[in-house]
Amino acid sequence: MHLLAISDLHLASPSNLDALRSLGSFPEDWLIVAGDVAEQPDRLEEGLALLAARFARVIWTPGNHDLWTVTGPDGAGPCKYEALVERLRALDIITPEDEYPVWNGPGGPCIVAPLFLLYDYSFRPPEVALCDVVAWAQETRCVSADEALLSPAPYPSVRAWSANRLRLSEDRLAALDGRPTILVSHYPLRQDLVRIPRIPRFSPWCGSVETNDWHRRFNARVAISGHLHVRHTDWRDSTRFEEVSLGYPGQWDQTRGIAGYLRQILPG
């Protein structure tokens with residue numbers, strides 16, 4: 001019995017989708033999916049339904065690609081997120097809006113907390129003003145496609161939406177009263193974990209400094225994220241940080257299959 005994790009399946013890619021369809025069964029294991037499954041809601045639902053049929057429990061939190069504006073009835077931004085939550089609840093998949101499940105398997109007990117967080121451009125160098133951040137990133141062609149495709153409406157900005165999600169998540173975690181947790185977010189919780197030398201000015205779209213100490217405040221044994229497409233393990237203050245991305249087809253070895261990229265979270 002294992003607690004496993006992966007993110008950034010990017011099922012708009014036919015080869016990634018075919019690999020997922022070929023994944024074997026893990027009937028005793030739980031799987032955490034830390035965002036960026038697919039842009040189209042039907043494809044996202046298909047992919048997570050495949051996983052729900054293969055694992056004892058699936059826990060999902062959204063990535064930015066999952067929330068991009070696409071044609072269809074599910075809308076954009078917050079409205080799309082709410083529609084996805086309802087779709088996935090029908091599949092018995094745990095979302096950030098549900099009661100946090102407790103992992104009682106090896107390495108537990110731990111509360112698994114899927115957090116729907118965003119970014120607020122605070123992962124930028126101190127000399128770059130907020131009003132200049134997009135132009136600064138554009139100098140090296142590192143501006144995120146979110147600027148065109150991620151709608152925050154009815155919030156006035158992604159920063160405002162992010163502030164709301166930070167407050168909601170912080171309040172729920174504080175109510176856990178120090179019990180051990182596994183924190184799950186699409187975005188890394190700490191700025192010093194953003195190491196993307198190929199696109200260094202992409203960092204403003206990678207999280208918020210408000211979460212830099214959440215692993216200490218909320219007794220995290222492990223903090224899981226994706227988004228960077230740079231798989232790695234780090235340690236901060238006795239907490240293990242796992243970046244668990246699969247990525248686009250050229251970023252992983254397809255001869256290993258997706259099973260080769262399922263990161264074991266517990267027992268560690």
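Above this text you will find the structure in question.
Keep in mind the model is a prediction, meaning the values are calculated, not measured.

Chemist: I keep staring at the overall build of the protein chain and nothing clicks. Help me out?
Modeler: Within the protein chain, the secondary structure is distributed over 7 helices and 10 strands. What you see for the protein chain is a C-alpha radius of gyration of 17 Å, in line with the 18 Å of a compact globule of 268 residues. In the protein chain, which comprises 268 residues, the share counted as buried stands at 55%. Once local pairs closer than 6 in sequence are excluded, the contacts in the protein chain between residues at least 24 apart make up 74%. Roughly 11100 Å² of accessible area belongs to the protein chain as shown, and the carbon and sulfur atoms make up 51% of that amount. Each charge sign in the protein chain was given a centre, from 26 positive and 34 negative side chains, and these centres are 3 Å apart.

Chemist: I tried to follow the packing of aromatic side chains on my own but got confused; where do I start?
Modeler: Each aromatic ring pair is summarised here by two numbers: the centre-to-centre distance and the angle between the ring planes. A complete count under the given rule lists 12 aromatic pairs for this structure. With a centroid separation of 4.3 Å and 40° between ring planes, the pair formed by Tyr81 and Phe116 is classed as tilted. Taken together, the residues Tyr81 in helix H3 (residues 77-89) and Phe116 in the loop between strand E5 (110-115) and helix H4 (133-138) connect sequence positions 35 residues apart. For Tyr81, a relative accessible area of 5% gives the class buried. Taken together, a centroid distance of 5.6 Å and an interplanar angle of 85° make the contact between Trp214 and Phe218 edge-to-face. For the pair Trp214 and Phe218, a shared accessibility class is recorded, and that class is buried. Taking the ring centre of Tyr100 as reference, the NZ or CZ of Arg172 above it sits at 3.9 Å.

Chemist: Help me understand helix H6 (residues 158-174) in this model?
Modeler: Since the α-helix turns once every 3.6 residues, residues separated by three or four places project in the same direction. The end-to-end C-alpha separation of H6 is 24 Å, in line with the 24 Å expected for 17 residues at 1.5 Å each. Turning to H6, its buried residues number three or more, namely Val158, Trp161, Ser162, Asn164, Arg165, Leu166, Ser169 and Leu173. Considering only its buried residues, H6 is in contact with H3, E5, strand E6 (181-185) and helix H7 (214-217).

Chemist: Which parts of the structure should I look at to understand the sheet that holds strand E3 (residues 55-60)?
Modeler: Either a parallel or an antiparallel arrangement is found when strands of a sheet pair, and the pairing is made through backbone hydrogen bonds. Judged by pairing direction, the sheet is mixed, and its 4 strands sit side by side in the order E3-E2-E1-E10 without closing on themselves. Two strands in the sheet have a free side with no partner beyond their single neighbour: E3 and strand E10 (263-266). Each strand of the sheet is rotated relative to its neighbour by a mean of 30°, with strand direction disregarded. Strand direction decides the pairing type here: strand E2 (residues 26-33) and E3, joined by 5 bridges, are parallel.

Chemist: Hey, could you run me through helix H2 (residues 41-52) in this one?
Modeler: Compared with an ideal rise of 1.5 Å per residue, which puts 12 residues at 16 Å, H2 spans 16 Å between its outermost C-alpha atoms and is within 8% of the ideal. For H2, the secondary structure elements touched by its buried residues are helix H1 (14-21), E2, E3 and H3.

Chemist: Could you clarify how one ought to interpret the pairing of E5 in this entry?
Modeler: With 6 of 6 residues buried, E5 is to be regarded as a mostly interior element. Burial along E5 is two-sided: Cys110, Val112 and Pro114 and Ile111, Ala113 and Leu115, pointing in opposite directions, are all buried. Sheet topology note: the strand E4 (residues 102-103)/E5 ladder contains 2 bridges and is antiparallel. Within the sheet, the bridge partner assigned to Trp103 lies in E5 and is Cys110. Here E4 folds back onto E5, and the loop between the two strands holds 6 residues, one of which, Gly107, carries a positive phi near 90°. The pairing of E5 with E6 spans 5 bridges and is classified as parallel. Paired with Leu115 across the strands is Ser185, a residue of E6.

Cut-offs and rules
Residues numbered from 1 in each chain as written. Predicted model: local features only at pLDDT ≥ 70, side-chain atom pairs only at ≥ 80, totals over all residues. Heavy atoms only, no water. Helix = DSSP H or I, 4+ residues; strand = E, 2+ residues; numbered from the N terminus. Rg over C-alpha atoms; globule rule 2.2 N^0.38 Å. Buried < 20%, exposed > 50% of the residue type's maximum accessible area, 1.4 Å probe, protein only. Contact = heavy atoms within 4.5 Å. Areas by Shrake-Rupley, 256 points an atom, 1.4 Å probe, with all protein chains shown as cover. Lys, Arg positive; Asp, Glu negative; His and termini not counted. Charge placed at Lys NZ, Arg CZ, Asp CG, Glu CD. Phe/Tyr/Trp six-rings, centres within 6.5 Å; stacked < 30°, edge-to-face > 60°. Lys NZ or Arg CZ within 6 Å of the ring centre and 35° of its normal. Expected span 1.5 Å × (residues − 1). Pairing = 2+ DSSP bridges. Axes fitted to C-alpha atoms, helices over the stretch in contact; angles between N-to-C directions.

That is the geometry; function is a separate question.
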